[in-house]
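# Tertiary structure, described
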Amino acid sequence: MEEFLKSIIGDNIITYIIMPIPALIFVSLFALYAVLAERKVSAWISNRIGPNRAGGKMGLLQTILDGIKLVQKEFVSPVRSDRFLFKAAPFIIFTAAFMGYAVIPFSSLYIGVDLNLGLFYFFSITSLGVIGMLMAGWASNNKYSLFGGIRSVAQIISYEIPTALAALVVVMLAGTLSMQAFCVAQDGGIFNWFIFGGPGGLSKIILIPFMITACVILFLSTLAETNRTPFDIPEADSELVAGVHLEYSGMQFAMFFFAEYAQMFAVAGVIATLFLGGWQSPFGDLVPFLNSPVMQIIWFLAKGFFLVFVQIWMRWTLPRVRVDQLMTICWKFLIPISFVNIFVVALYIIFFK
Amino acid sequence: MKAYFSHIYQAVSSILIGMGITGRHMFQKPVTIQYPEQRLQLPERERNRLFVDMEDCIGCDQCAKACPVNCIELKTIKAVPGDIVGKTGLTSQGKKKALFVPTFTIDFAKCCYCQLCVFPCPTECIFMTDVFEFSDFKRAGLKYEFSDMTAEQTAEKKMKAEEYALEQAKKKEEAAKAAASSKSSSAAEKKAAEAKKSEAPPPEDLTQTEDNKNKEV
């Protein structure tokens, strides 16, 4: 798409303004309907019906109307809060979450920018959100918000390590950091996806349990990075009221939700790219039509939505972990296991590739 | 080391079991009742808003006396002979109604739904219905008036009753005077009357007591 736009408009700033627009539209719509999906899934899990009044039986207009309500609300900032930081924080969080979409490969033809350091860029840019969280917590002039901000920082920084280590396994196998190259490397059907050891001979069977472990570790640690249950101690409705969200109202509050759901799909997209074949069809080249660029978008979104669904499903299943449990999971379990993973995959690469 | 792996096993298995349970619940039928559209069958002897069937009410005031919170306000007017109370002048069980009931107000803001007013009612005209949604924006809106008599009708009936009472009083006075004159005219007659009294005491007694009442008034 980048080349196509360049051929029409030329290599100027307009091209680079148009490029992210589809992603932005997608993120906005996704955030709206992910909130609805979250409410619906939570309702189904607890044998309820969920929103069913606004917009038909599925409540399709519910979140749009909620948004309209939030826009109408007054923006209240607490006494003696740092006005500038307080207002800027939600936008920084959303910007950080959205910047990750630059390297999400929706299709072989649509990716914001195919950096050769794509994965590295993704992990570094999405952790910028931490700054926004801390800003929001500090500027609110509220001890609960500050606790939330501090917890968020502690959690995200410590979970950066297992995230990177779990992703490193795939990087070693694919020999690249470019997101498009990950997808291309998993060409040829479901058994060539990295969750099943990637393309290779029969010897890759050794890899399968380790790759699945790596996938689970990546899923759990990204869950912690997006502050989702069971790792939602920065929000912790019952102990910190709502953490950094506490003092926010109106559209600023909605921005936090937009950022959270944008991040959810971003990390789901990265897991899909790394382990589930990205935009590759599960049938490989058997049916060429299913691997056309338009179908690729559908495959990619289906994988992403499935992972988001699992995130939601987990949220409504598991209770919140304590802070010490959170750190125990990270430092005693996820990090050592991912080191073992890296070690085994490295040995495999030395002896079998 | 063994504990380490058993922890991992426990964590993974409990997460999977939990997600299996919630996953199964996702496909179960919701238990929600869409209230204003769907309603539960209320139990047979539910106690909700009271209703008074004024055709059957004889104005005996027993419900108002039984009420522990005094939420029933009831006023009655005596019916003149020949005047028909309600449509037929009879209750559905065939009892004669002798009282007009111009006010029968129940204040549901006070009512405690104890059903104590229902039991003493001799004609079973006050009873609990299945209506439980009658919230109101004003307290006055919770005062329910069951009597269908208009103010004019009430005034008319009052007038009639007063006139009748006066007439009766006059008649009695005349009767008493006549009795007194007859008493003074002859002692023999008086004795005879006394003998009559012993034979049939009620009418004389009544006249006497009513005389006393009139004197008091």
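Reference entry: report on the structure contained in this document. Each chain has its residues counted from 1, running along the sequence as written. The naming scheme follows written order: chains are lettered A onward, ligands numbered 1 onward. This being a predicted model, a pLDDT of at least 70 is required before a residue's local features are given, and a value of 80 or more before pairs of side-chain atoms are given or counted; all residues contribute to the totals for chains, interfaces and linings. Side-chain metrics rest on all non-hydrogen atoms present in the structure, leaving aside hydrogens and water.

## Thoughts on the overall build of chain A
Under the convention used in this document: Helix numbering and strand numbering both begin at the N terminus, where a helix is a DSSP run of H or I of at least 4 residues and a strand a DSSP run of E of at least 2. Only C-alpha atoms enter the radius of gyration; for comparison, a globular chain is expected to reach 2.2 Å times N to the power 0.38, where N is the number of residues. Exposed residues in this analysis have more than 50% of their type's maximum accessible area, buried residues have under 20%, and partly exposed residues fall in between, with area computed by a 1.4 Å probe over protein chains only. In this description, contact between two residues means that some pair of their heavy atoms is separated by no more than 4.5 Å. In short, Shrake-Rupley with a 1.4 Å probe defines the accessible areas, and a residue's cover is counted only from the protein chains shown.
Along the backbone of chain A there are 13 helices and 0 strands. Secondary structure elements of chain A occur, N-terminal to C-terminal, as α-α-α-α-α-α-α-α-α-α-α-α-α. Against the 2.2 N^0.38 benchmark of 20 Å for 353 residues, chain A shows a C-alpha radius of gyration of 21 Å, consistent with a compact globule. C-alpha atoms of chain A, sized along the principal axes, occupy 65 × 50 × 45 Å. For chain A, buried positions account for 53% of its 353 residues. Considering only contacts within chain A whose residues lie at least 6 apart along the sequence, 74% involve residues at least 24 apart. Only carbon and sulfur atoms are counted for the fraction: they give 75% of the accessible area of chain A, which is about 15,500 Å².

## Some points on the environment of Glu 133 of chain B
Residue and element names in this part refer to chain B. Operational definition: Between N or O atoms, a polar contact is any pair within 3.5 Å; within protein, one atom must be a potential hydrogen donor and the other a potential acceptor, and residues adjacent in sequence are included only when both atoms are from side chains.
With respect to the helices and strands, the residue Glu 133 is situated in the loop between strand 4 (126-128) and strand 5 (143-145). Sequence-wise, Glu 133 and Ala 109 are 24 residues apart; in three dimensions their C-alpha atoms are separated by 13 Å. Those residues within four positions of Glu 133 in sequence are excluded, and the remaining contacts are Tyr 35 and Arg 39. Looking at Glu 133, its side chain comes within polar contact range of the side chain of Arg 39, at 3.1 Å.

## With respect to the packing of helix 11 (residues 250-275) of chain A against helix 12 (residues 293-315) of chain A
Residues and elements named next belong to chain A. This is how the line gets drawn: Inter-axis angles, ranging from 0 to 180 degrees, are taken between N-to-C directions of lines fitted to C-alpha atoms, where helices are fitted over the stretch in contact. Any angle that is under 35 degrees is reported as roughly parallel, and any over 145 degrees as roughly antiparallel; angles of 65 to 115 degrees are reported as roughly perpendicular and all others as oblique. For any helix crossing, the convention is left-handed if the near helix is rotated counterclockwise from the far helix by under a right angle, and right-handed if that rotation is clockwise. The residue classification treats Ala, Val, Leu, Ile, Met, Phe, Trp, Tyr, Cys and Pro as nonpolar and Asp, Glu, Lys and Arg as charged. All others, Gly included, are polar.
At their nearest, the axes of helix 11 and helix 12 sit 8 Å apart, and the two run at 120° to each other. With respect to their mutual orientation, helix 11 and helix 12 come out oblique. Judged by the twist between their axes, the crossing of helix 11 over helix 12 is right-handed. Each of Glu 260, Tyr 261, Met 264, Phe 265, Val 267, Ala 268, Gly 269, Ile 271, Ala 272 and Thr 273 in helix 11 lies in contact with helix 12, whose residues at this interface are Phe 300, Leu 301, Lys 303, Gly 304, Phe 305, Leu 307, Val 308, Gln 311, Ile 312 and Arg 315. The residue inventory of the contact of helix 11 with helix 12, partitioned by class, reads 13 nonpolar, 4 polar and 3 charged.

## Comments concerning the nonpolar core
Note the following rule: To form a nonpolar core, buried Ala, Val, Leu, Ile, Met, Phe, Trp, Tyr and Cys residues must be joined to one another through side-chain atoms within 4.5 Å.
Ranked by size, the top nonpolar core spans 93 residues in total, and within it Tyr 101, Phe 106, Leu 119, Met 211, Phe 265, Leu 274 and Phe 275 of chain A carry the most contacts. When residues of this core are assigned to their parent elements, the largest contribution, 15 residues, is made by helix 11 of chain A. Core analysis: the second largest hydrophobic core is formed by 24 residues, Cys 57, Ile 72, Leu 74 and Cys 125 of chain B among them.

## Thoughts on the interface of chain B and chain A
The condition that has to hold: Summed over both partners, the accessible surface that disappears when two parts come together, traced with a 1.4 Å probe, is what is meant by buried area.
Taken together, the contact between chain B and chain A spans 17 residues of the former and 19 residues of the latter. The junction of chain B with chain A conceals about 1,500 Å² of combined surface from both sides, 65% of it contributed by carbon and sulfur atoms. In this structure, the connection of chain B to chain A is made through 11 residue pairs in polar contact (both at pLDDT 80 or more). Across the side of chain B that touches chain A, the residue classes break down as 7 nonpolar, 8 polar and 2 charged.

## Quick look at empty space enclosed by the protein
All names here are of chain A. The cut-off we apply is this: The way it works is a 1 Å grid over only the protein atoms, where trapped points that fit a 1.4 Å probe form a cavity and open points with protein on both sides within 12 Å along at least five of seven lines form a pocket, and then any residue with an atom within 4 Å of a point lines it. Grid points are joined across faces, edges and corners, and a volume is the space filled by probe spheres set on the points.
Here the structure, examined in full by the defined rule, presents 5 cavities of 30 Å³ or more. Every residue lining the largest cavity is counted, 15 residues in all, and those nearest its centre are Ile 93, Met 133, Thr 226, Asn 227 and Gln 263. Within the residue set of the lining of the largest cavity, elements represented by two or more residues are helix 7 (129-139) and helix 11. The greatest single-element share of the lining of the largest cavity, amounting to 4 residues, is contributed by helix 11. The volume enclosed by the second largest cavity comes to roughly 80 Å³. Lining the second largest cavity are Phe 122, Phe 123, Thr 126, Ser 127, Ile 156, Thr 163, Thr 222, Glu 225, Thr 226, Gln 263 and Val 267. Those elements giving two or more residues to the lining of the second largest cavity turn out to be helix 6 (118-126), helix 8 (143-174), helix 10 (207-225) and helix 11. Ranked by residues supplied to the lining of the second largest cavity, first place goes to helix 6 with 3 residues. Tallied by class, residues from the lining of the second largest cavity come to 4 nonpolar, 6 polar and 1 charged.

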